[in-house]
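Now for the letters of each chain:
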Amino acid sequence: MNNTSSIQSEAQLEESLIKRLGGLGYARVTIPDEAALLANLKAQLEKFNKTVFSAAEFSRILNHLDAGGVFDRAERLRDWYNLSRDDGTSSYIRFMNVEHWCRNEYQVTNQITMEGRYKNRYDVTLLINGLPLVQIELKRRGLGVKEAFNQINRYQRHTFWANTALFQYVQIFVISNGENTKYYANNRKQHFKQTFYWADEQNELITQLDQFADLFLEKCHVSKMIAKYIVLHQGDKILMALR
């Protein structure tokens, strides 16, 4: 092993991952703040639903989206919404195609800054139809991935709930230092020991971030994970990831 991989910085790891995701078909988009996130959401929902929303109609969509906690939003993500149009008609729109999970719009962005109790800047975000559904936190090689897990816990306390709280729509968290990569559902009750490694058909663990991205974060696969293998536990009102 040469020294470059062992001393790779977090920024280098981030840029390498984004380029790899671009090769997997994610469109890279620059989203510095919540205003840009909302503008992008409008454009992506219009593209996905093959329609155009007025400012007033999009405001109604945001009001619908901005209610409840993580569990409520997970249900809403999977449901149709009956939108009252400005002309007095109504039309059903949706936020994710969960039956044909490859038929969605995919983007990757990084360093979104959100303000709540504190100002936080997130590493890499995967957007499906404009909604942040997968959040990836990276630490430079040599640091433990539990630091990334703890960082996400801080985000949950400080900013995920702020303003329109679109980051409460995240379904899957990924934590990695490049050599050690794990995933878990968006569940505040989750302990670090309940984070999972992905494995191939021979049950060989996939720990390297590049290989994990190629297999787990591939567009159709990560959509299938969200659609079929993130379970909404009605009794406890939490999200669970099936192994």
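Please read these numbers as outputs of a predicted model, since none were measured by experiment.

1. Topic: unusual backbone geometry
And then number 1: Residues other than glycine seldom take positive phi values, yet Lys50 does so here, at roughly 55 degrees.
And then number 2: Along the polypeptide, Lys50 turns up in the loop between helix H3 (34-49) and helix H4 (55-65).
And then number 3: By relative accessible area, which is 75% here, Lys50 ends up exposed.
And then number 4: For Asn129, which is not glycine, the phi dihedral falls at a positive 55 degrees.
And then number 5: Counting through the fold element by element, Asn129 comes out in the loop between strand S7 (124-128) and strand S8 (131-138).

2. Focus: the state of the cysteines
And then number 1: Within the structure shown, the criterion is met by 1 disulfide.
And then number 2: Each sulfur in the disulfide pair Cys102 and Cys220 lies 2.0 Å from the other. Taken together, the residues Cys102 in the loop between strand S3 (90-94) and strand S4 (106-110) and Cys220 in helix H8 (residues 219-229) connect sequence positions 118 residues apart.
And then number 3: Residue classification places Cys102 among the partly exposed residues on the basis of a relative accessible area of 36%.

3. Some thoughts on the sheet that holds strand S9 (residues 172-176)
And then number 1: Strands sit in the order S1-S4-S7-S8-S9-S10 across an open sheet of 6 strands; the sheet is mixed. Sheet topology places strand S1 (27-28) and strand S10 (181-185) at the edges, where each strand pairs with a single neighbour.

4. Looking at the pattern of salt bridges
Note that side chains of opposite charge can pair when their charged atoms are close.
And then number 1: Applying the stated criterion across every chain yields a total of 11 salt bridges.
And then number 2: Notably, a salt bridge pairs Lys42 with Glu46, separated by 2.7 Å at the nearest N-O pair. Taken together, the residues span about one helical turn, with Lys42 and Glu46 both in helix H3 at a distance of 4 residues.
And then number 3: Given the relative accessible area of 14%, Glu46 is considered buried.
And then number 4: Across the pair Glu105 and Lys47 runs a salt bridge whose closest N-O atoms are separated by 3.4 Å. Placement of Glu105 in the loop between S3 and S4 and of Lys47 in helix H3 is noted, with a sequence separation of 58 residues between them.
And then number 5: Look at Glu105 and you get partly exposed, because its relative accessible area is 21%.
And then number 6: Connected via shared salt-bridge partners are Arg20, Asp210 and Asp214.

5. Quick word on helix H6 (residues 146-158)
And then number 1: Given a rise of 1.5 Å per residue, 13 residues ought to cover 18 Å, and the 18 Å separating the end C-alpha atoms of H6 matches this to within 8%.
And then number 2: Taken together, the buried positions of H6 are Ala148, Phe149, Gln151, Ile152, Tyr155, Gln156 and His158.
And then number 3: Here the buried face of H6 lies against strand S6 (119-121), S8, S9 and S10.

6. Some remarks on the confidence of the model for the protein
And then number 1: Summing up the model confidence of the protein, the mean pLDDT is 93 and the portion of residues at 70 or higher is 97%.
And then number 2: For the stretch residues 1-6, pLDDT sits under 50, and the model shows 4 contacts to residues farther than four places along the chain or on other chains.

7. Regarding the packing of aromatic side chains
And then number 1: Within this structure, the stated rule accounts for 15 aromatic pairs.
And then number 2: Ring plane angle 65 degrees and centroid distance 5.2 Å describe the contact between Tyr122 and Phe160, whose orientation is recorded as edge-to-face. Residue Tyr122 is located in the loop between S6 and S7, and its partner Phe160 is located in the loop between H6 and S9; the two are separated by 38 residues in the primary sequence.
And then number 3: The buried category is assigned to Tyr122, whose relative accessible area is 0%.
And then number 4: Assessed through its relative accessible area of 1%, Phe160 is described here as buried.
And then number 5: Relative to Phe216, the ring of Trp198 lies with its centre 5.2 Å away and its plane at 75 degrees, an arrangement referred to as edge-to-face.

8. Details of the environment of Thr113
And then number 1: Inspection of the secondary structure puts Thr113 in strand S5 (residues 113-115).
And then number 2: Along the backbone, Thr113 and Thr159 are 46 residues apart, and their C-alpha atoms lie at a distance of 9.5 Å.
And then number 3: Sequence-distant contacts of Thr113, that is, excluding residues within four places in its chain, are made with Pro32, Asp33, Glu34, Lys119, Asn120 and Arg121.

9. Here we look at the nonpolar core
Note that soluble globular proteins tend to have their nonpolar side chains buried in a common cluster.
And then number 1: In this structure, Ile61, Tyr183 and Leu217 are the most contacted members of the largest nonpolar core, which totals 72 residues.
And then number 2: The element contributing the most residues to this core is S8, with 5 residues.
And then number 3: If near-sequence neighbours (up to four positions away) are discounted, Leu217 is found in contact with Leu21, Tyr26, Leu126, Val134, Ile136, Val174, Phe212 and Val222.

Here is what the cut-offs are and how they apply
Residues numbered from 1 in each chain as written. Predicted model: local features only at pLDDT ≥ 70, side-chain atom pairs only at ≥ 80, totals over all residues. Heavy atoms only, no water. Helix = DSSP H or I, 4+ residues; strand = E, 2+ residues; numbered from the N terminus. Buried < 20%, exposed > 50% of the residue type's maximum accessible area, 1.4 Å probe, protein only. Disulfide = S-S within 2.5 Å. Pairing = 2+ DSSP bridges. Salt bridge = Lys/Arg side-chain N within 4 Å of Asp/Glu carboxyl O. Expected span 1.5 Å × (residues − 1). Contact = heavy atoms within 4.5 Å. pLDDT = per-residue confidence, 0-100. Phe/Tyr/Trp six-rings, centres within 6.5 Å; stacked < 30°, edge-to-face > 60°. Core = buried A, V, L, I, M, F, W, Y, C linked by side-chain atoms within 4.5 Å.

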